[in-house]
Amino acid sequence: MTSLCGTSFRVQRRKVIFLNACILLISTLITVQSVPIDKSKRWKKVGAKPEGESTFQDTGLYYDRYLREVVEVLETDPHFREKIQSADIEDIKSGKISKELDLVSHNIRTKLDELKRQEVARLRVLIKAKMDASEKTGIDHRMLLKQFDHLNHYNPHSFEPKDLDLLIKAATKDLENYDKERHDEFKRYEMMKEHERREYLKSLDEEKRKIEEAKYEEMRKKHKEHPKMNHPGSKDQLKEVWEETDGLDPTDFNPKTFFKLHDTNSDGFLDEQELEALFTKELEKVYDPKNEEDDMVEMEEERLRMREHVMNEIDIDKDRLINLAEFMRATEKREFLEPDGWETVDQQQLYTEDELQEFEKQIAEQERELQKRAENLYRQREDLQKQHDLIQAQKQELHQVVQQMEQKKMQQSIPPSVPDASLNFQPAGEQGAHLVSQQIGNAQPLSPGHLPEAGVSQSHQGS
């Protein structure tokens, strides 16, 4: 077993109330529907809400914030609160109550319109991210839109009765399966853990395999060596909390006082969170995060199972809240005084060998698919590398051509070289000019029109 952080798997608290003015709306829809509901509970809950503070717990739904904001806006409308108070479960399920939205104030509708526009904008970003991530995986993009069924996305601008109806039905459906999904997730977790253990053993030689199997059995045995675990919700279990958590004399145990002590928000009910807090002492007997043999994921599954068991035994009206009358009635049952034994998670068969083999087949198929995708990606990488090398070669060749052209251009722009002055070579014309200048420099000034004889003779010869 592996010691893991329990908070990563911790079942999020789901005492969901679609309307805070109507605990009936969601908490009753996700339970047995034929049982009449005590509507007074929801109003006591509303009365217990501190000013400016939301009484909602995180539902774990991806649209949790939108759900809570819609509720908080709707519960400010007196007309809608009154209609919800008098509505029965069928009115809510059928969508009849959603039609009352047409009668709420304009200010409320405006706020709801804005909430919907914000939610649609958030979903568009989410859809785009999913589409970008799945662009090459062959996922149908239309199916992404169908995942968001808690609002009418065809009308993204205004909050209509249909939006309220969709929100109620979506939350109801999602929360109905919440616990089941957590159990299924835990089952997959356990099968994966066993699958990985077996695969690891296959990689060992005979001697090391025997050592690992002996260690595994030793850890299992050590995990089972713990103090007696009391049946959740029994008198012994509650008395232990009374003594060790509350610090009270066990001989003075009083169920009514116990109920009031652990109704931490003083609203007259034990909700799921308050109930689960009662099991901490029992869980600490079996699970210690410091022990390698104790799995904290299993601890949270144990906590969930305990809460479900007590709720099934005590919560008569199935509203996921335990009132004082229900609690006191449970303390009068024989099961409260003489409970059956409680089997922990590790004592139960969570899956069969056939289920494990089927699970392993799915894992193998997923691995093959991943391997195929990895090979395709590797080939694409090689192709890209070849293209990159080709481009680099072309780039180098082009660079060399440019250099050659620049060299030729520079050579053409260089002027002809000047002869060496040491050779004393001068063209004929330049020699004559030099002689003339010499003679002029040595002769006396001449009168205008008079030419030297040398110049005259040369001009005659030229003619």
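Residues numbered from 1 in each chain as written. Predicted model: local features only at pLDDT ≥ 70, side-chain atom pairs only at ≥ 80, totals over all residues. Heavy atoms only, no water.

Caption draft 1: Main features of the overall build of the chain. Counting secondary structure elements, the chain contains 20 helices and two strands. Within the chain, residue pairs in contact and separated by at least 24 positions form 72% of the contacts whose partners lie at least 6 positions apart. Total accessible area on the chain stands at roughly 29,100 Å², and carbon and sulfur atoms take up 52% of it. (Helix = DSSP H or I, 4+ residues; strand = E, 2+ residues; numbered from the N terminus. Contact = heavy atoms within 4.5 Å. Areas by Shrake-Rupley, 256 points an atom, 1.4 Å probe, with all protein chains shown as cover.)

Caption draft 2: Spotlight on helix 15 (residues 296-314). With 19 residues, helix 15 extends 27 Å from end C-alpha to end C-alpha; this agrees with the ideal 27 Å at 1.5 Å per step. With 15 of 19 residues buried, helix 15 lies mostly within the body of the structure. With a side-chain oxygen positioned 2.9 Å from the backbone nitrogen of valine 297, the residue opening helix 15 is aspartate 295. (Expected span 1.5 Å × (residues − 1). Buried < 20%, exposed > 50% of the residue type's maximum accessible area, 1.4 Å probe, protein only. Polar contact = N/O pair within 3.5 Å; in protein donor to acceptor, adjacent residues only side chain to side chain.)

Caption draft 3: Quick peek at empty space enclosed by the protein. Enumeration over the complete set of coordinates arrives at two cavities of 30 Å³ or more. Here the largest cavity is characterised by a volume of approximately 80 Å³. Every residue lining the largest cavity is counted, 13 residues in all, and those nearest its centre are Gly233, Leu238, Val310, Ile314 and Phe327. Looking at the lining of the largest cavity, the elements with two or more residues in it are helix 11 (235-245), helix 15 and helix 16 (324-330). Partitioning the lining of the largest cavity into residue classes produces 10 nonpolar, three polar and no charged. (1 Å grid on protein atoms, 1.4 Å probe; cavity = no way out; pocket = protein on both sides within 12 Å on 5 of 7 lines; lining within 4 Å. Points joined across faces, edges and corners; volume = space filled by probe spheres on them. Nonpolar A, V, L, I, M, F, W, Y, C, P; charged D, E, K, R; others polar.)

Caption draft 4: Broad picture of unusual backbone geometry. We note that serine 266 has phi near 55°; this positive angle belongs to a residue other than glycine. If you trace the backbone, serine 266 turns up in the loop between helix 12 (255-262) and strand 1 (269-270). In this structure serine 266 comes out as exposed when scored by relative accessible area, which is 61%.

Caption draft 5: Examining the pattern of salt bridges more closely. For the coordinates displayed, the defined rule picks out 30 salt bridges. Put simply, lysine 180 and aspartate 184 hold a salt bridge, and the shortest N to O gap is 2.9 Å. With a gap of four residues between them, lysine 180 and aspartate 184 both fall in helix 9 (residues 178-202), about one helical turn apart. Accessibility expressed as a relative area gives 29% for aspartate 184, which makes it partly exposed. (Salt bridge = Lys/Arg side-chain N within 4 Å of Asp/Glu carboxyl O.)

Caption draft 6: Representation of the UniProt feature "domain: EF-hand" (unreviewed entry) in the chain. Here, the residues flagged by UniProt with the feature "domain: EF-hand" (unreviewed entry) are residues 250-285. With 56% helix and 6% strand, residues 250-285 has end C-alpha atoms that lie 19 Å from one another. (UniProt positions renumbered as here; feature names shortened; annotations may be inferred.)

Caption draft 7: A look at the packing of helix 9 against helix 10 (residues 206-224). Two elements in contact, helix 9 and helix 10, have axes separated by 9 Å at closest approach and are oriented at 150°. The orientation of helix 9 relative to helix 10 falls into the category roughly antiparallel. Pair helix 9 / helix 10 crosses with right-handed handedness. Residue-level contacts link Glu194, Arg197, Tyr200, Leu201 and Lys202 of helix 9 to Arg209, Glu212, Glu213 and Tyr216 of helix 10. Tallied by class, residues from the contact of helix 9 with helix 10 come to three nonpolar, no polar and six charged. (Axes fitted to C-alpha atoms, helices over the stretch in contact; angles between N-to-C directions. Parallel < 35°, antiparallel > 145°, perpendicular 65-115°, else oblique. Left-handed = near helix turned anticlockwise from the far one by under 90°.)

Caption draft 8: Molecular detail of the packing of aromatic side chains. Inspection of the entire model under this criterion finds six aromatic pairs. Here tyrosine 62 and tyrosine 63 contribute two aromatic rings whose centre-to-centre distance is 4.9 Å and whose plane-to-plane angle is 90°, an arrangement assigned as edge-to-face. On the basis of relative accessibility, which here comes to 0%, the residue tyrosine 63 falls in the buried class. Where phenylalanine 259 meets phenylalanine 327, the ring centres are 5.5 Å apart and the plane angle is 50°; that geometry is what we call tilted. (Phe/Tyr/Trp six-rings, centres within 6.5 Å; stacked < 30°, edge-to-face > 60°.)

Caption draft 9: Representation of the packing of helix 9 against helix 15 in the model. The contact between helix 9 and helix 15 brings their axes to 11 Å, and the two run at 150°. On the basis of their axis angle, the class for helix 9 and helix 15 is roughly antiparallel. In terms of crossing hand, the pair formed by helix 9 and helix 15 is left-handed. Along its contact with helix 9, which presents Asp179, Arg182, His183, Phe186, Tyr189, Glu190 and Lys193, the element helix 15 presents Val297, Glu298, Glu301, Leu304, Arg305, Arg307 and Glu308. Residue composition of the contact of helix 9 with helix 15, by class: four nonpolar, one polar and nine charged.

Caption draft 10: Structural detail: the side chain of aspartate 271. Tracing the backbone through its elements, the reader meets aspartate 271 in the loop between strand 1 and helix 13 (272-277). Here the side chain of aspartate 271 touches glutamate 274 through a polar contact of 2.8 Å, landing on its backbone nitrogen.

Caption draft 11: Examining the environment of isoleucine 322 more closely. Assignment of secondary structure puts isoleucine 322 in strand 2 (residues 322-323). Its relative accessible area of 0% is what places isoleucine 322 among the buried residues. As for isoleucine 322 and glycine 268, which are separated by 54 residues in sequence, their C-alpha atoms are 8.5 Å apart.

Caption draft 12: Examining the environment of aspartate 179 more closely. Take aspartate 179: it is sitting in helix 9. Taking the C-alpha atoms as reference, aspartate 179 lies 8.9 Å from glutamate 308; in sequence the two are 129 residues apart.

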